[in-house]
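Listed here are the chains, written in short residue letters.
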Amino acid sequence: MKALRTEFDVSELPTVTFGHRSLMWWGTLGFMVIEGWTIALLVASYFYLRQNYEAWPPLRTPYPRLLIPTINLAIMLVSFVPVYRAAVAAKRLDEAAVKRWLVASSVIALPILMLRWWELWAINTRWDTNAYGSAAWVIVGFHTSLLLLDIADTWGLTLFYFLKKMPLKAFSDTADNSFYWYFTVGIWIPIYLIVYVGPRVF
Amino acid sequence: MSAPRGQQPATVTLAGDDLARDSATLEALWRDCPGFWGWLTAVDHKSIGKRYIITAFLMFLAGGIEAALMRAQLARPENTLLGPDQYNQIFTTHGTTMMFLFAVPMMTAMGIYFVPLMVGARSIAFPRLNAFGYWTYLVGVVFLYVCLFANTGPDAGWFAYTPLSGPAYSPGHRVDVWAQLVTFTEIAALAAAVNVIVTTFKMRAPGMSLNRIPLFVWAQLVVAFMIVFAMPAVATGSTLMLAADRAVNTHWFNAAEGGDALLWQHIFWFFGHPEVYIIFLPALGFVTPIVETFSRRKVVGYTALVLANITTAFFAFGLWVHHMFATPIPELGQSLFTAASMLIAIPTGVQIFCWIATMWSGRLRLATPLLFVLGFIFTFVNGGITGVMLASVAFDKQAHDTFFVVAHLHYVLVGGAVMPLFGAFYYWFPKITGRLLGETLGKWHFWLFLIGVNVAFFPMHVLGLNGMPRRVYTYLAATGWGPLNLVASLGATTIALSVLLFVINAVWSWMGGAPAGADPWGSSGLEWAAASPAPSYNFLHIPVVTSRHPLWDPIAERPVVTGLSTTRREVLITTTFDARPDSLHQHPDASIWPLYLALCMGVTFIGSIFTPYLVLVGLALSLIGIAGWGWTGTRASGPERVATPRPVTEGL
Amino acid sequence: MHSFFHPGSPHANAVAHLWWWMFGVGGAIWIGVTLVALYAAFTRRGSGDGLVEPPAAEHRRIERVVSAATFVTILILAGFLVYDFSVGRALAAHPQRGLTIDVTGHQWWWEVTYENPDPSRRLVTANEMHVPVGEPVQFTLRAADVIHSFWAPSLDGKRDLIPGYTSSFWFTADTAGVYRGQCAEFCGLEHAKMAFYIVADPRPRFEAWLKAASQSHQAPADPTLAYGERVFLASGCATCHSISGTQAFATVGPNLSHFASRSTIAAGTLTNTSVNLTRWILNPQVVKPGVGMPAVPLDSGPLTALVAYLESLK
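Residues numbered from 1 in each chain as written. Chains lettered and ligands numbered in written order. Predicted model: local features only at pLDDT ≥ 70, side-chain atom pairs only at ≥ 80, totals over all residues.

Bringing the nonpolar core into the picture now. In a soluble, globular protein the nonpolar side chains are often hidden away together inside. One finds Met226(B), Ile227(B) and Ile377(B) to be the most contacted residues of the largest nonpolar core, which totals 368 residues. Those residues in contact with Ile377(B) that lie beyond four places of it in its chain are Ile352(B), Val33(C) and Ala37(C). (Core = buried A, V, L, I, M, F, W, Y, C linked by C-beta atoms within 7 Å. Buried ≥ 20, exposed ≤ 12 C-beta atoms within 10 Å, placed from the backbone. Contact = placed C-beta atoms within 7 Å.)

This is the structure in structure tokens:
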């Protein structure tokens, strides 16, 4: 029989880590890859259908409207600020700052969400009019589901911080929540360009 | 030298260990709650893995019954056992069941059960996500079969080509059932894949650097990445496109409004080809440990085998158009896919050469697991060769959509995945249940299965080339296809008999077979260091690994990890490449939220077939579930220590 | 003839040739690998517990053998790739335009049109077509509803008919005869009963057939047949079918103008005899459940006349 020997005593290892050292970060990354890849497939399909047309949007289909989507894009870019600051505060373990910036993030989510409704209609073609309309609506609609999840997550986390004393590992979750927000807004930028700006350009 | 077989792990302890007290404490800490509630709230990866394996096997039997019905109908020309409507539902459900409800879930189930044990971890990375994946899968199983028995089974094929599967030509809800089933199985597969990747990257035992992980784990890891990139395609196609066309009149596939029927085929096969490698590669991961153990030597070409797995996975994403050679796609493009489809034979060939070389230079014990490996080589190589034939555009235009392809796909899937899977069952059944499967029944099972598979499927090559297309519920006597169809049906009967023997063997052995002990075969992997079956906490002390074949290490002392908590569920996180201890993570206790959320998914997606209001209801209910899941995840018992930041140069 | 193993055209021949090579080499590889594995299985058996650890020299030898086997595999695959590409290129070469036949796939029958600059000589038929032996014929393929696939194994590979796409391919039948084909893409309930026939005739016979088939019918002289024509027009048949020279010109179902010259009924489902035709008309749903044609419950008098009329439409 073999004797056992202690090679590592891990009892004093940290229990709260950030970034790639944390399991939840990897889970978040996995989710982002999956959803980002789904969007890539939808965009590829959008361009696949494009090649069936001479004109894009198809004849007698109006261009998407640009005003509301551009305003919302601007608000989303601005939202990077409170979200980023929340992550920085979390890594500093500054609970008061975290709460402040989470509230700010939650507040800025409201106009984003509301304007998203008009953003969908700004496509200016119904999803059941033609394949162009179908593709545009499904891409924006799918992104909307990611946005809803992100906002629900953020509101929930903010609420939890006010409902109880959160453990230190919640700081890691806060940083991961910001990580997901960067993705949700970041992936919107090419979608905005392709769906709203694109038809005027190509 | 190798550990003697048939004994419990060494009960040598460290100074200060009280084996009985420590194992009882840990067992109570990590085990599922007792009773029915415990069953509903279980998050132990072994519990989830076991039920996944059993459910997937029941799906194999269901798919087999569907196949038996099909073969009974086709045994004679112009047979009237099944009418066209029944036959179309049955062949669709056969394919859907085998591909979505048996093959992929079974392979991910083996990963869920064994990867944590093989990498020396207490648990899987995300236990609640794991449970959620299983429950979602189960919702899909129940949904499909309830609908089938209600005469609302999908009937447009497991591949559901548009526009046949669209709203105009498949009215009613049958294809919607298929589309939502795909959603459920896709969610389950992705949950399993994320779990396998993160467990493998971050929770390995110290010393198990990436170049020391077992080939079983490599296969699971590679396949998990494939799932991440393939499954979204079928989910996009079925849920965001086909279901949308059917429910809210989008025009993705409607040529009259700018849609394109071929878009479906591209999206589906972009998933569909990797799908078959998602089924096949884990089976290759079973073969290596079986060959090693029963040849009593380390496998030839570990690095080559790893690289072959990775290469195959990449290539698999570049083959999909070979399912579309009969469509009007430009021929230059088709040629690229011919080349890729032929070249993918090379990495697989390398793997087979390595295994044969291992057996040639080893000392063989022809136990049932190794017999199934030999059966795999015989059967799969045949299928691989017909696959190379089908890579030729000119020949494929003759053989596509005929029984030649039915023969090919069954040779590669039954030979390449099911045979290694049966071998894996005989090999790892003792680890799961603590008992050995009967060897005599096992050999009968093997021989009948091998003969049955070849008698059933070989004639189909000839039938296909003699003009018999696929997915036909009958054929005229004048075609001359009758005799070979009868032979194939007799082969199918033999397969059924052999599987029955296996079921008898499994049930009998589970209830009262020979006790196995921790390491009945003299194997090399870490899972054989745990008891059979493993306790809830897997390892009393996480082992420290010093080679690719830990249990075959000729070292005097076993280094281990100490210091993991015995009062809360704590797992060790290690660095990604070198597996140095990095941090501790508190894992969740049993939870009802995974089941709750899976049921909400059911309401949402099944409801979407009928009315958007159910979708809103389902989403609202899901929100509660996410909140509950998150809330219970914010518990922290015990002291918390925050990590100091570490430069990246010290390793990921 | 409906078998890959009985090629009736240069295309089918070339592909069969390629395949027999792949079969030979592939079969040899299969047998070879099996024999090697079996040899190892039988001769390397042994009991005892110790591990086998071959010395370094043996290791290198094993690696060389595996590498060699891999190299041979690559060579064989490369060889077949080259052979296959050359066959593909040869098959893709386009001939001078000759006869063009338009085929449109329906659930579950084949609409066949021979265009003609003179519209009165345009021939529309169903499920059976004639081609001249030894001359290239181009097929233009469309689908009316769902995806179908046009496959006559003795003549050429299959091509899919896809709604929204028009595709074409060609082949030359170099042997006279009757070639059978069947739909090879699952297209719904009666996919299994959607066959077609290509009759390859020497040029003179083909021209005679084409001339006769393009002609409109005169009103039948025989009173029974005339009665049968009236039954046809009065029983709703004209809702879906056309017969040239009559007032039936619907295109929902197969064109019946020269129905009697076809060897089968319902896309290869029944041989074209009076008995079968009677059965079919009375209730097509029994023969081919789900087909678009409803039951036509006629009394035996009108039914006999109708069948006689249809069987007179050569």
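We now examine the interface of chain B and chain C. When the parts of a complex come together, some accessible area is lost, and that lost area is often used as the size of the interface. Tallying the contact residues gives 72 residues for chain B and 70 residues for chain C. Listed by contribution, the elements that provide at least two residues to the side of chain B that touches chain C are helix H4 (84-118), helix H8 (261-295), helix H10 (331-343), helix H11 (345-360), helix H12 (368-391) and helix H13 (393-399) of chain B. It is H11(B) that provides the largest number of residues to the side of chain B that touches chain C, a total of 11 residues. (Helix = DSSP H or I, 4+ residues; strand = E, 2+ residues; numbered from the N terminus.)

Right, let's talk about the interface of chain B and chain A for a bit. Facing the 62 residues of chain B at the interface are 51 residues of chain A. Mapped onto the side of chain B that touches chain A, the elements with two or more residues apiece are helix H6 (174-202), helix H7 (215-248), H8, strand E1 (557-562), strand E2 (570-574), strand E3 (581-586) and helix H18 (612-632) of chain B. Per-element accounting of the side of chain B that touches chain A gives the leading share, eight residues, to H7(B). Pairing geometry for strand E1 (residues 3-9) of chain A and E1(B), over six bridges, is parallel. Residue pairing across strands places Thr6(A) opposite Val560(B), the latter belonging to E1(B). (Pairing = 2+ DSSP bridges.)

This paragraph deals with the environment of Ile290(B). Residues and elements named next belong to chain B. Structurally, Ile-290 can be placed in helix H8. C-beta crowding within 10 Å serves as the criterion here: with 27 such atoms nearby, Ile-290 is assigned to the buried category. For the pair Ile-290 and Phe-36, spaced 254 residues apart in sequence, the C-alpha separation works out to 36 Å. Contacts of Ile-290, omitting those with residues within four sequence positions, involve Pro-369, Leu-370, Val-373, Gly-423 and Tyr-427.

Our focus in this paragraph is the pairing of strand E2 (residues 109-114) of chain C. Residues and elements named next belong to chain C. As paired elements, strand E1 (residues 99-106) and E2 share six bridges and run antiparallel to each other. Within the sheet, the bridge partner assigned to Ile-101 lies in E2 and is Tyr-114. For E2 and strand E3 (residues 123-126), the ladder comprises four bridges, and the chain directions are antiparallel. Note that in E3 the partner of Thr-113 across the bridge is Val-124.

What follows deals with the sheet that holds strand E8 (residues 167-172) of chain C. Residue and element names in this part refer to chain C. What the five strands build is an open sheet, ordered E3-E2-E1-E5-E8; its pairing is mixed. Both edges of this open sheet fall to E3 and E8, since each of them pairs with a single strand only. Averaged over all neighbouring strand pairs, the angle between strand axes comes to 25°, with direction disregarded. Here E1 pairs with strand E5 (residues 136-143) via seven bridges, running parallel. Opposite Thr-104, over in E5, you have Arg-142 as the bridge partner. (Axes fitted to C-alpha atoms, helices over the stretch in contact; angles between N-to-C directions.)

The protein chains that touch form two pairs of chains, and the pair with the most contacts between them is chains B and C. In this assembly chain A lies apart from chain C, the nearest approach of their C-alpha atoms being 10 Å.

With that out of the way, let us pick up the packing of helix H15 (residues 439-465) of chain B against helix H16 (residues 482-512) of chain B. Residues and elements named next belong to chain B. It is the contact of H15 with H16, at a shortest axis distance of 7 Å, that shows an interaxial angle of 155°. In this view, H15 runs roughly antiparallel relative to H16, as classed from their interaxial angle. When the axes of H15 and H16 are compared, the crossing they make is left-handed. Residue composition of the contact of H15 with H16, grouped by class: 22 nonpolar, eight polar and no charged. (Parallel < 35°, antiparallel > 145°, perpendicular 65-115°, else oblique. Left-handed = near helix turned anticlockwise from the far one by under 90°. Nonpolar A, V, L, I, M, F, W, Y, C, P; charged D, E, K, R; others polar.)

What follows deals with the sheet that holds strand E10 (residues 195-201) of chain C. Residue and element names in this part refer to chain C. Here three strands make up an open sheet; going across it, the order is E4-E10-E9 and the pairing mixed. Strand pairing shows two members of the sheet lacking a second neighbour, strand E4 (128-132) and strand E9 (177-182), which therefore form its edges. With strand direction ignored, the average angle separating the axes of adjacent strands in the sheet is 25°. Of the strands in this sheet, E4 and E10 touch helix H3 (residues 203-214), which is tilted by about 140° from E4.

Keep in mind that most residues, glycine aside, have a negative phi and that most peptide bonds are trans. The amide bond that connects Trp56(A) to the next residue, Pro57(A), takes the cis arrangement and shows omega of 0°. In this fold, Pro57(A) is placed in the loop between helix H1 (23-50) and helix H2 (67-91). That bond from Ser532(B) to Pro533(B) is cis: its omega, -10°, falls within 30 degrees of zero. The topology assignment puts Pro533(B) in the loop between H16 and E1. Of note in the backbone geometry, Arg60(A) takes a positive phi value of approximately 65° without being a glycine. In this structure, Arg60(A) sits in the loop between H1 and H2. Not every positive phi belongs to a glycine, and Ala160(B) is a case in point at roughly 45°. Secondary-structure assignment places Ala160(B) in the loop between helix H5 (127-149) and H6.

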